[in-house]
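Below, each chain spelled out in residue letters.
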Protein chains: 2
Amino acid sequence: MKILLIGASGTLGTAVHRALTARGHDVLTAGRSSGDLRVDITDPDGIAALYARAGRVDAVVSAAGPVPFKPLADLTPDDFRAGFEGKVLSQVELVRQGVSRIAERGSFTLVTGVLAREPIVTGSAASLVNGALESFVRAAAIEIAPQRVNAVSPTVFTEDLDRYGDYFPGMPSVDLADVALAYVRSVEGAQTGQVFIP
Amino acid sequence: MKILLIGASGTLGTAVHRALTARGHDVLTAGRSSGDLRVDITDPDGIAALYARAGRVDAVVSAAGPVPFKPLADLTPDDFRAGFEGKVLSQVELVRQGVSRIAERGSFTLVTGVLAREPIVTGSAASLVNGALESFVRAAAIEIAPQRVNAVSPTVFTEDLDRYGDYFPGMPSVDLADVALAYVRSVEGAQTGQVFIP
């Protein structure tokens, strides 16, 4: 398949890129500052330009979405807005604009995260953002068929435990290779409206 | 208890008002165009002014939050932003600003809805918004203890079936009196971080 991968140069994006190319897919990479195509996914016009340049693809796969982490008392309305624009609206627009541009039976795979289900201190904006996306995926799926949309919702990556492990006390980590497998499952499988927890 | 009820004049707010006063509570009503206090909850400064005028309360109860309903293809970025500002950020700000202003063991009860779990056509912005709030409630709860925060997540009201029933085919409705009971449970009980499904 021809696959457009957004956020290809990040920790997750790199693992997803490796898994998809190993499966023989033709992966077009996109990112803010590197990749085959440059895009600021917080700009709806940027997403339109991205699709125009990418041409017809069979799957859109997202591994991008910054969210601020702060104690609740310190999270300003603009912090919540930044998380919403950066991770929610950006991925919503990938789907909304992509429906008319990708293959007739193409798919979208978005990234959410464990904080939708399990909270951590300083994570209330991230929880909010991830919960929004998981409910959106279920809702969008029933309107875009036969196109499909799923989310991959990982916990902290094993490879990131040195940096972030202390924020997830007692919570199991997941290997990036297993998270990438969930993307393969979403892209090559036939399910829709699902939140895959690798 | 002294309770601040936002959205007191709406269909849901009226039922919640009735239930809380029947339980002997002193309910201060707030709304955009009626009630003891006027507030535009989409304006963070308006929420600050509301708390300043309300004085110390034991519970904050919200029954307000407009969201646009349209087919996914017609929902613009500004529609999603309107839902986010109208129902998510408004209720997040009620909590965030309220923490330093309500009673030491006070509580917040927000309103979400069934679309977080079950989608309907034209409901993808509403699903997104409700999912955001349900994950936020779980996250905020672990940071604000001993204060509490819960959500009430009703399906379509039995009293609204004439107007909205066709959007919820085959889905059971819930009587407003039972939804109001869930608010009582949140306010008078001791649970936190819960999504009550009446």
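None of these values were measured; they are calculated from a predicted model.

**Observations regarding unusual backbone geometry**
Residue and element names in this part refer to chain A.
Step number 1: Here the bond from Ala145 into Pro146 is cis, since omega is 10°, no more than 30 degrees from zero.
Step number 2: Residue placement: Pro146 occurs in the loop between helix H4 (124–144) and strand E6 (148–152).
Step number 3: The backbone phi angle of Thr122 is positive, close to 80°, even though this residue is not glycine.
Step number 4: Along the chain, Thr122 turns up in the loop between strand E5 (107–111) and H4.

**Considerations on the confidence of the model for chain A**
Step number 1: Residues at a pLDDT of 70 or more form 100% of chain A, whose mean pLDDT is 97.
Step number 2: Two numbers describe this predicted complex: its pTM, 0.97, and its ipTM, 0.96.

**Looking at the sheet that holds strand E2 (residues 26–31) of chain A**
Note on sheets: strands pair through backbone hydrogen bonds, and any given pair is parallel or antiparallel.
Residues and elements named next belong to chain A.
Step number 1: Strand order across the open sheet formed by seven strands is E3-E2-E1-E4-E5-E6-E7, with parallel pairing between neighbours. Taken across any chain shown, the strands that pair with only one partner, and hence form the sheet edges, are strand E3 (37–38) and strand E7 (195–196).
Step number 2: By the bridge criterion, two bridges tie E2 to E3 in an arrangement that is parallel. Following the sheet pairing, Ala30 is matched in E3 by Leu37.
Step number 3: Contacts from helix H2 (residues 44–54) reach strand E1 (2–6), E2, E3, strand E4 (59–62) and E5, with the element oriented near 150° to E1.
Step number 4: Running at roughly 165° to E6, H4 makes contact with E5, E6 and E7 of the sheet.

**What to know about the side chain of A:Glu93**
Step number 1: Tracing the backbone shows A:Glu93 in helix H3 (residues 77–98).
Step number 2: Not counting chain neighbours up to four residues away, the residues in contact with A:Glu93 comprise A:Pro44, A:Ile47, A:Gly98 and B:Pro77.

**Some remarks on the packing of helix H1 (residues 11–22) of chain B against helix H6 (residues 176–188) of chain B**
Residue and element names in this part refer to chain B.
Step number 1: Direction vectors running N to C along H1 and H6 enclose 60°, while the axes themselves pass 8 Å from each other. Comparing their axes, H6 and H1 come out oblique. For H1 against H6, the interelement crossing comes out right-handed. Contact residues: Thr11, Leu12, Ala15, Val16, Ala19 and Leu20 in H1; Leu176, Val179, Ala180, Tyr183 and Val184 in H6.

**With respect to the packing of helix H3 (residues 77–98) of chain B against helix H4 (residues 124–144) of chain B**
Residues and elements named next belong to chain B.
Step number 1: For the pair H3 and H4, interaxial distance at closest approach is 9 Å and the crossing angle is 20°. Here H3 lies roughly parallel to H4, going by the angle between them. Relative to H4, H3 is oriented so that their crossing is right-handed. Seen from H3, the contacting residues are Phe80, Gly83, Phe84, Lys87, Val88, Gln91, Val92 and Val95; seen from H4, they are Ser124, Ala125, Leu128, Val129, Asn130, Ala132, Leu133 and Phe136.
Step number 2: Residues that form the contact of H3 with H4 fall into these classes: 11 nonpolar, four polar and one charged.

**Considerations on the interface of chain A and chain B**
Step number 1: With 37 residues of chain A at the contact, the number on the chain B side is 37 residues.
Step number 2: Together chain A and chain B conceal approximately 3000 Å² of surface at their shared face, both sides included; 70% is due to carbon and sulfur atoms.
Step number 3: Per-residue buried area on chain A facing chain B is highest for A:Leu72, A:Arg96 and A:Glu143; these three make up 21% of the total on that side.
Step number 4: Put simply, chain A and chain B have two salt bridges between them.
Step number 5: At the junction of chain A with chain B, the criterion picks out 14 residue pairs in polar contact (both at pLDDT 80 or more).
Step number 6: The element contributing the most residues to the side of chain A that touches chain B is H4(A), with 13 residues.
Step number 7: Here the residues of the side of chain A that touches chain B sort into 23 nonpolar, seven polar and seven charged.

**Side note on the nonpolar core**
Step number 1: Core analysis: the largest hydrophobic core is formed by 92 residues, its most contacted members being A:Leu4, A:Phe80, B:Leu4 and B:Phe80.
Step number 2: Discounting residues that sit within four places of it in the chain, A:Leu4 has contacts with A:Leu28, A:Ala30, A:Leu37, A:Leu50, A:Tyr51, A:Ala54, A:Val57, A:Ala59, A:Val60 and A:Val61.
Step number 3: Counting 24 residues, the second largest nonpolar core, distinct from the first, contains B:Ala15, B:Leu20, B:Leu176 and B:Ala182.

**A few points about the relation of the copies chain A and chain B**
Step number 1: Turning chain A through 180° and shifting it by 0.0 Å along the axis lays it on chain B, with an RMSD of 0.0 Å. The transformation relating the two chain copies, once decomposed into turn and shift, fits a two-fold axis. Among all residues of chain A, the one whose C-alpha sits closest to the rotation axis is A:Ala132, at a distance of 2.0 Å.
Step number 2: A shared binding surface is used by both copies, with 100% of the interface residues of chain A retained as interface residues in chain B.

**Digging into the pattern of salt bridges**
Step number 1: Inspection of the entire model under this criterion finds 16 salt bridges over all chains.
Step number 2: A salt bridge links A:Arg23 to A:Glu188; the shortest N-O distance between them is 2.6 Å. A residue pair is termed long-range when its members are at least 10 positions apart, and A:Arg23 in the loop between helix H1 (11–22) and E2 and A:Glu188 in helix H6 (residues 176–188) qualify at 165 residues.
Step number 3: Here the salt bridges share partners, and the residues they tie into one network are A:Asp78, A:Arg81 and B:Glu85.

**Some points on the packing of aromatic side chains**
When we look at a pair of aromatic rings, we describe it by the centre distance and by the angle of the planes.
Step number 1: In the structure shown here, the tally under the stated rule is three aromatic pairs over all chains.
Step number 2: Judged by centre distance (6.1 Å) and plane angle (75°), the ring pair of A:Phe80 and B:Phe136 falls under edge-to-face. In this pair, A:Phe80 is assigned in helix H3 and B:Phe136 in helix H4, connecting two distinct chains. For the residue pair A:Phe80 and B:Phe136, the accessibility class agrees, reading buried in each case.

**Considering the pairing of strand E2 (residues 26–31) of chain B**
All names here are of chain B.
Step number 1: Most of E2 is tucked away, with five of its six residues classed as buried.
Step number 2: Across five bridges, the pairing between strand E1 (residues 2–6) and E2 is parallel. In the sheet register, Leu4 faces E2, and the bridge partner there is Leu28.
Step number 3: Crossover handedness for the path E1 to H1 to E2: right-handed.

Rules used in this analysis
- Residues numbered from 1 in each chain as written.
- Chains lettered and ligands numbered in written order.
- Predicted model: local features only at pLDDT ≥ 70, side-chain atom pairs only at ≥ 80, totals over all residues.
- Heavy atoms only, no water.
- Helix = DSSP H or I, 4+ residues; strand = E, 2+ residues; numbered from the N terminus.
- pLDDT = per-residue confidence, 0-100.
- Pairing = 2+ DSSP bridges.
- Contact = heavy atoms within 4.5 Å.
- Axes fitted to C-alpha atoms, helices over the stretch in contact; angles between N-to-C directions.
- Parallel < 35°, antiparallel > 145°, perpendicular 65-115°, else oblique.
- Left-handed = near helix turned anticlockwise from the far one by under 90°.
- Nonpolar A, V, L, I, M, F, W, Y, C, P; charged D, E, K, R; others polar.
- Buried area = accessible area lost by both parts, 1.4 Å probe.
- Salt bridge = Lys/Arg side-chain N within 4 Å of Asp/Glu carboxyl O.
- Polar contact = N/O pair within 3.5 Å; in protein donor to acceptor, adjacent residues only side chain to side chain.
- Core = buried A, V, L, I, M, F, W, Y, C linked by side-chain atoms within 4.5 Å.
- Buried < 20%, exposed > 50% of the residue type's maximum accessible area, 1.4 Å probe, protein only.
- Least-squares fit on C-alpha atoms with pLDDT ≥ 70 in both.
- Phe/Tyr/Trp six-rings, centres within 6.5 Å; stacked < 30°, edge-to-face > 60°.
- Right-handed = clockwise from strand over helix to strand, strands pointing away.

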